[in-house]
Amino acid sequence: MWVSSSIIKSSGFFTHLFPRTKAFRYIWFRTFFLLDHYNPTRLQSSSANTTTHFASRHYASNTGVCSSTNPFGEDFDKNIEVPDTCVDTVRSVLIKHGWIHRFDSGFSIDLDEYKVTRILDDLFKETKDASIALYFFRWSELWIGARHSTRSICRMIHILVSGNMNHRAVDMLLHLVKRSNGEERSLSLVMNDLFETHGDRRVLETVLSTLVDCCVKERKIDIAMKLSYKMDKLGIFPSRGVCISLLKEILRIHRLEVAREFVEHMISRGRHLNAAVISLFISKHCSDGCFDKAWELLTGMKHQYGIRPDIVAFTIFIHRLCKGGFLKEATSVLFNLNLFGISQDSVSVSCVIDGFCKAGKPEEAVKLIHYFRLRPNIFVYSSFLSKICTEGDMLKASTVFQEIFELGLFPDCVCYTTMIGGYCKLGKINEAFRYFGAMLKSGNSPSLATYTLLIGACSKFGNVRDAEALFWNMKVAGLLPDVVTYNNLMSGYGKTHQLNKVFELLDGMRSAGVSPDVATYNILIHSMVVRGYVDEANGIVNEIIRRGFVPSVLAFTDVIGGFSKKGDFQEVFLLWHYMADLRVQPDVVTCSALLHGYCRAQRMGDAMVLFNKLLDAGLKPDVVLYNTLIHGYCSVGDVEKACELIGMMVKRGMVPNKSTYIALVVGLEGKSDVNSEKHASMLLQEIFVANSAK
């Protein structure tokens, strides 16, 4: 950077460029947000009657791609306190180290990357304040006219960690990890720069551990492991906390052997194991269904590793047993904790209580509460609320919810979401929104599950506008929709025949990196069939098959129903053969769709042949399927055959309904002088009495 006296027409660069601290803070802070590309700019100081001109000279250096976009995020500079004496401090340090002279009108030398880094070191060495160095770092980037290079960013990171501004260092490291796009070579170069720019060994250990942790947060597990081994070559190994985070992710992606190798490497490098590390493997064994291995590891911790198992390790095992439905075993472990010298706590007891509630055994949960004299907590109340809401008894759920306040407790997000889910399940959207409003008023932030439940209910019951508003509010709140959220809104669009929005949402879903699942394609196919695009929906089914996936029975049913309505039985049979080849078993709904097509085409002989084949194959027809055939026979005037089918219904324990009655009325019209409605009622009564007695 070079600032000439002809550009800055004042008697002293810092003295007149920023005549007061207020003006300095204003210009320094605002320029990072107002200038998209640095051009000669003119800013009028609000505290002096002088106009200050800015200009920059761009140098071809190793600063990287020129861009003034804030590389550390839009909120990077927010909420950083600027000391009131910042300007005077910076100026005095620059004078002391010869970067400017007291009476010079500007810098006495050009500023480049290397010299900016030296100034940062001088500022931190003199002030011990990393925030001052950080502001100079941001300000110098503006004057250079390009982003700082990775090397200068690395030096700034070391200064931030040395100055106890680790949160800012994490921001910068996360930026470097994201900028690498998952390339190992790029992050290896970052690690090299961090090593070459370090001053203090302990600071370097913290910085490199944080770099690995940032890779873990970004789910770049392979790179995080390789960086860990590269750190080892430098004589440094990630901290225990980072190692645990990395192990957790390794086990999450089902790489048990790799995790074991990493643990052995940890031990060889002096990172002693603790109960938290072993608990990760216990949890992994349980999630794989290997409870015997988990128990062996848990009880052998003391003998094998010299680590005494703690209540957390046992609670993880108990929780996994409950989740797997092994409540008897979980209760046994809970009652025998004393044999291991461990006392039960509220969390371990609450895990078993939650298991009994979810298994529909609240009386057992109550017994545990009384036995351990457990004062009900939010977790316990959440368990009972979940059970009651699942049963649909929202009056009782509301009473229990009110008890939470009476005990001096405050419902959390889970409690509110449980209540909202219960009302959504019953279609009581207004009540669900009432609890949603109470949730916001209480200061609890809605979770992804909260929004997903509300969006699903609004879509299901036709209030797509509210579902759409909730979807966008959720994104504004910083929550990322998952595949279930997208599917819920997509279903709402499909039900209201907004096919264009269905495809827009599908595109947005893919852009967000959310992979469509079977339900997504079911919704898409159903939406297209409803709008009459049966051939296009069939094309999607064929594409799914071509890619090696198996469409669900719902997808086949929708397309079969669409072709049946059109009378295109050639395509129907082709799809039927596809189902057989892919071993997709047709259900009652699929058969009803095909039978409905035959009946519409008045091909009752074919319909009955298919029906008998389905009976021989063990299919249990429902009322809807029988009514489809009854309507078909009545429409061709064969009331006698329709009555036979009604008799079969009654023998199988099914009661004719209004649809059955209407079919008979249609079939009997014009058959006799008797009123068709009265005749239909008499026939139904006779058939019901005759067949129910058998």
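Just so it is clear, the structure is predicted and the values come from calculations on it, not from any experiment. Residue positions are counted from 1 within each chain, in the order its sequence is given. Two thresholds apply to this predicted model, a pLDDT of at least 70 for residue-level local features and 80 or more for giving and counting side-chain atom pairs, whereas whole-chain, interface and lining totals are computed over all residues. Side-chain descriptors were evaluated using all non-hydrogen atoms of the structure, hydrogens and water having been removed beforehand.

A separate point is the overall build of the protein chain. Helix and strand labels come from DSSP, where a helix needs a run of H or I of at least four residues and a strand needs a run of E of at least two; each type is numbered from the N terminus. For the protein chain, the helix and strand inventory stands at 37 helices and two strands. Expressed as a percentage of the 694 residues in the protein chain, the buried residues total 48%. The long-range share in the protein chain, meaning contacts at least 24 apart out of those at least 6 apart in sequence, stands at 61%. Surface exposure here means Shrake-Rupley accessible area, sampled with a 1.4 Å probe, where a residue is shielded only by the protein chains that are shown. Carbon together with sulfur atoms contributes 52% to the accessible area of the protein chain, which is approximately 34900 Å² in total. Accessibility here uses a 1.4 Å probe with only protein chains present; expressed as a share of the type maximum, an area under 20% marks a residue as buried, one over 50% as exposed, and anything in between as partly exposed. Whether two residues are in contact is decided by their heavy atoms: any pair within 4.5 Å suffices.

Further remarks concern the nonpolar core. Grouped together as the largest cluster of nonpolar side chains are 105 residues, with contacts concentrated most on Ile282 and Ile353. Top contributing element to this core by residue count: helix α9 (residues 201-217), with nine residues. The criterion is simple. A nonpolar core is a set of buried Ala, Val, Leu, Ile, Met, Phe, Trp, Tyr and Cys residues joined through side-chain atoms within 4.5 Å.

Moving on, we get to the side chain of Glu249. With respect to the helices and strands, Glu249 occurs in helix α11 (residues 240-252). Residue class for Glu249 comes out buried when judged on its relative accessible area of 12%. Setting aside its immediate chain neighbours within four residues, Glu249 contacts Val216, Arg219 and Ile221.

Further remarks concern the packing of helix α22 (residues 413-426) against helix α23 (residues 429-441). As a packed pair, α22 and α23 sit with axes 8 Å apart at the nearest point and diverge in direction by 165°. The pairing of α22 with α23 is recorded here as roughly antiparallel in orientation. Of the two possible hands of crossing, α22 and α23 adopt the one that is left-handed. Residue-level inspection shows Cys413, Tyr416, Thr417, Met419, Ile420, Tyr423 and Cys424 of α22 in contact with α23, the latter providing Glu431, Ala432, Tyr435, Phe436, Ala438 and Met439. By residue class, the composition of the contact of α22 with α23 is 11 nonpolar, one polar and one charged. Inter-axis angles, ranging from 0 to 180 degrees, are taken between N-to-C directions of lines fitted to C-alpha atoms, where helices are fitted over the stretch in contact. Every angle not falling under 35 degrees, over 145, or within 65 to 115 is termed oblique; those three ranges are roughly parallel, roughly antiparallel and roughly perpendicular. Left-handed describes a crossing whose near helix is turned anticlockwise from the far helix by less than a right angle; the clockwise case is right-handed. Three classes are used, and their members are as follows: Ala, Val, Leu, Ile, Met, Phe, Trp, Tyr, Cys and Pro are nonpolar, Asp, Glu, Lys and Arg are charged, and the others, Gly among them, are polar.

Attention shifts here to unusual backbone geometry. The residue Asn164 is not glycine, and still its phi comes out positive at about 60°. Looking at the secondary structure, you find Asn164 in the loop between α6 (150-162) and α7 (166-179). Backbone geometry places Arg373, a non-glycine residue, at a positive phi of 50°. Take Arg373: it is sitting in the loop between α19 (362-371) and α20 (378-391). Judged by its relative accessible area of 78%, Arg373 is exposed.

Turning our attention to the environment of Phe237. Checked against the element boundaries, Phe237 lands in the loop between α10 (221-233) and α11. When near neighbours in sequence (up to four residues on either side) are disregarded, Phe237 contacts Ser209, Ser228, Met231, Asp232, Cys243, Phe262, His265, Met266, Arg269 and Arg271.

On to the pattern of salt bridges. When a carboxyl oxygen of Asp or Glu is within 4 Å of a side-chain nitrogen of Lys or Arg, the pair counts as a salt bridge. For the structure on display, the rule yields 21 salt bridges. Close ionic contact of Arg252 with Glu249 constitutes a salt bridge, the shortest N to O distance being 2.7 Å. Of this pair, Arg252 and Glu249 are both found in helix α11, three residues apart, which corresponds to roughly one turn of the helix. Given the relative accessible area of 38%, Arg252 is considered partly exposed. A salt bridge links Lys641 to Glu644; its shortest N-O distance comes to 3.4 Å.

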